[in-house]
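Residue strings, one per chain:
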Amino acid sequence: MVIEAQPTAEAAPAVTRRPVTDAESRTASRRWWDADADDYQAEHGAFLGDADFVWCPEGLREADARLLGDVSGRRILELGCGAASAARWLAGQGAEVVAMDLSAGMLRHARTAANRTGVRVPLLQADALALPFGARTFDVVCTAFGAVPFVADSQRVMREVARVLRPGGSWVFSITHPMRWIFLDDPGTAGLTAVHSYFDRRPYVEQDGAGVPGYVEQHRTLGDRVRELVAAGFVLRDLVEPEWPEGHEQVWGQWSPLRGALFPGTAIFVAELR
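Cut-offs used in this document
- Residues numbered from 1 in each chain as written.
- Predicted model: local features only at pLDDT ≥ 70, side-chain atom pairs only at ≥ 80, totals over all residues.
- Heavy atoms only, no water.
- 1 Å grid on protein atoms, 1.4 Å probe; cavity = no way out; pocket = protein on both sides within 12 Å on 5 of 7 lines; lining within 4 Å.
- Points joined across faces, edges and corners; volume = space filled by probe spheres on them.
- Helix = DSSP H or I, 4+ residues; strand = E, 2+ residues; numbered from the N terminus.
- Nonpolar A, V, L, I, M, F, W, Y, C, P; charged D, E, K, R; others polar.
- Pairing = 2+ DSSP bridges.
- Axes fitted to C-alpha atoms, helices over the stretch in contact; angles between N-to-C directions.
- Contact = heavy atoms within 4.5 Å.
- Expected span 1.5 Å × (residues − 1).
- Bend = angle between axes of the 7 residues up to and from the residue.
- Core = buried A, V, L, I, M, F, W, Y, C linked by side-chain atoms within 4.5 Å.
- Buried < 20%, exposed > 50% of the residue type's maximum accessible area, 1.4 Å probe, protein only.
- Salt bridge = Lys/Arg side-chain N within 4 Å of Asp/Glu carboxyl O.

(A) Spotlight on empty space enclosed by the protein. Under the counting rule described, the total for this entry stands at 2 cavities of 30 Å³ or more. In this structure, the largest cavity encloses a volume near 240 Å³. Along the walls of the largest cavity sit 19 residues, with Ser29, Asp101, Leu102, Ala147 and Phe150 positioned nearest its centre. The biggest single contributor to the lining of the largest cavity is helix 1 (residues 22-48), with 5 residues. Considered class by class, the residues forming the lining of the largest cavity number 10 nonpolar, 5 polar and 4 charged. What lines the second largest cavity is Pro149, Ile175, Thr176, Pro178, Trp181, Glu217, Gln218, His219, Arg220 and Arg225. When its residues are assigned to classes, the lining of the second largest cavity shows 4 nonpolar, 3 polar and 3 charged.

Next comes the structure, spelled out in structure tokens:
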């Protein structure tokens, strides 16, 4: 599972908004998550659990939301699985799961957690833009903040998911709520003032002095995401915007009780292949 990262480089990188290629995005994401895997798990591993499916920093769990329905006996692919805590939870519910991530560093943590829990699922290092599976292989594809925000051609991800799903299959993914791109990435009062255009689709890029991207995250509007799904052959069944729960005081990057009380931080798309 992947939820928005925070910079950990020793020297602060230059931050810009500019177009990037698929190759630049892929290289940056793999290097970033390989380097950040240990810090990410140290900071967020307890919140995500060893075998739990947490959709977002608001703490919405699949055990409660049931966005995937009854998963027993279903074949499921988790994209951008990170340490694969969601995949292990799904396996515990009787699903046949494959967990996939671009980052070897994150998959290393998935193997460690599998040894710790005794719950093992197949782990695969691969690119979401070229899923290494045949057509109509899965009943469900899901991801919590994985893959979709980190590729330049997210429409291609939708097509790939549609290809490997069986007719009537489910595609459920969570991302940073698109309206959050209007604001600074700040959990405090500075993050309450709109400073960016919602319609500026240029990605957020952290790059070194030579202009080489080290971290890339993409922005699409809500309408963009709906059109991507429809063009790939999906029907949108639900759009979930989790509210910040009472008593939840944990700050995660730009997610906080202050901001969560005022506007959504996560969007979860629940779609079905026609």
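Now that the structure has been shown, we can carry on.
(B) Fine view of the sheet that holds strand 1 (residues 14-17). Pairing within the open sheet is antiparallel, and its 3 strands lie in the order 1-7-8. Two strands close off the open sheet at either side, each with one partner strand: strand 1 and strand 8 (213-217). Ignoring strand direction, the axes of neighbouring strands in this sheet form an average angle of 20°. In this structure, strand 1 lies alongside strand 7 (residues 204-207), joined through 4 bridges in antiparallel fashion. Its bridge partner being in strand 7, Val15 is matched across the sheet by Glu206. Against the sheet, helix 1 contacts strand 7 and strand 8, and its axis sits at roughly 105° relative to strand 8.

(C) Inspection of helix 1 at higher detail. An ideal rise of 1.5 Å per residue puts 39 Å on 27 residues; helix 1 reaches only 29 Å between its terminal C-alpha atoms. Of all the bends in helix 1, the greatest measures close to 55° and is centred on Asp36. Following helix 1 by one or two positions, Gly49 adopts a phi angle in the positive range, close to 80°.

(D) Main features of the nonpolar core. With 40 residues, the main nonpolar core has Phe53, Trp55, Leu68 and Leu90 as its most contacted residues. Where this core is concerned, the elements lending two or more residues are helix 1, helix 3 (85-92), strand 3 (96-101), helix 4 (104-117), strand 5 (138-144) and strand 10 (266-273). Per-element tally for this core: the top contributor is helix 1, with 6 residues. Residue contacts for Leu68: discarding those within four places in its chain leaves Phe53, Trp55, Glu62, Arg74, Leu90, Val140, Cys142 and Val172. Ala128, Leu129, Met158 and Ala232 belong to the second largest nonpolar core, which has 30 residues in total.

(E) Layout of the pattern of salt bridges. The tally for this structure, following the rule as stated, stands at 13 salt bridges. Among the salt bridges present, the one from Asp224 reaches Arg227, with a minimum N-O distance of 3.1 Å. Residue Asp224 and its partner Arg227 are located together in helix 6 (residues 222-231), separated by 3 residues, close to a single helical turn. Overall, Arg227 belongs to the exposed group, its relative accessible area being 52%. A salt bridge links Glu228 to Arg225, with the shortest nitrogen-to-oxygen separation between them at 3.0 Å. With Glu228 and Arg225 both in helix 6, this residue pair falls 3 residues apart, about one helical turn. Arg225 matches Glu228 in its accessibility class, with the two residues each being buried. Salt bridges linked by common partners bring Arg201, Asp224 and Arg227 together as one network.

What is shown is where atoms sit, not what they do.
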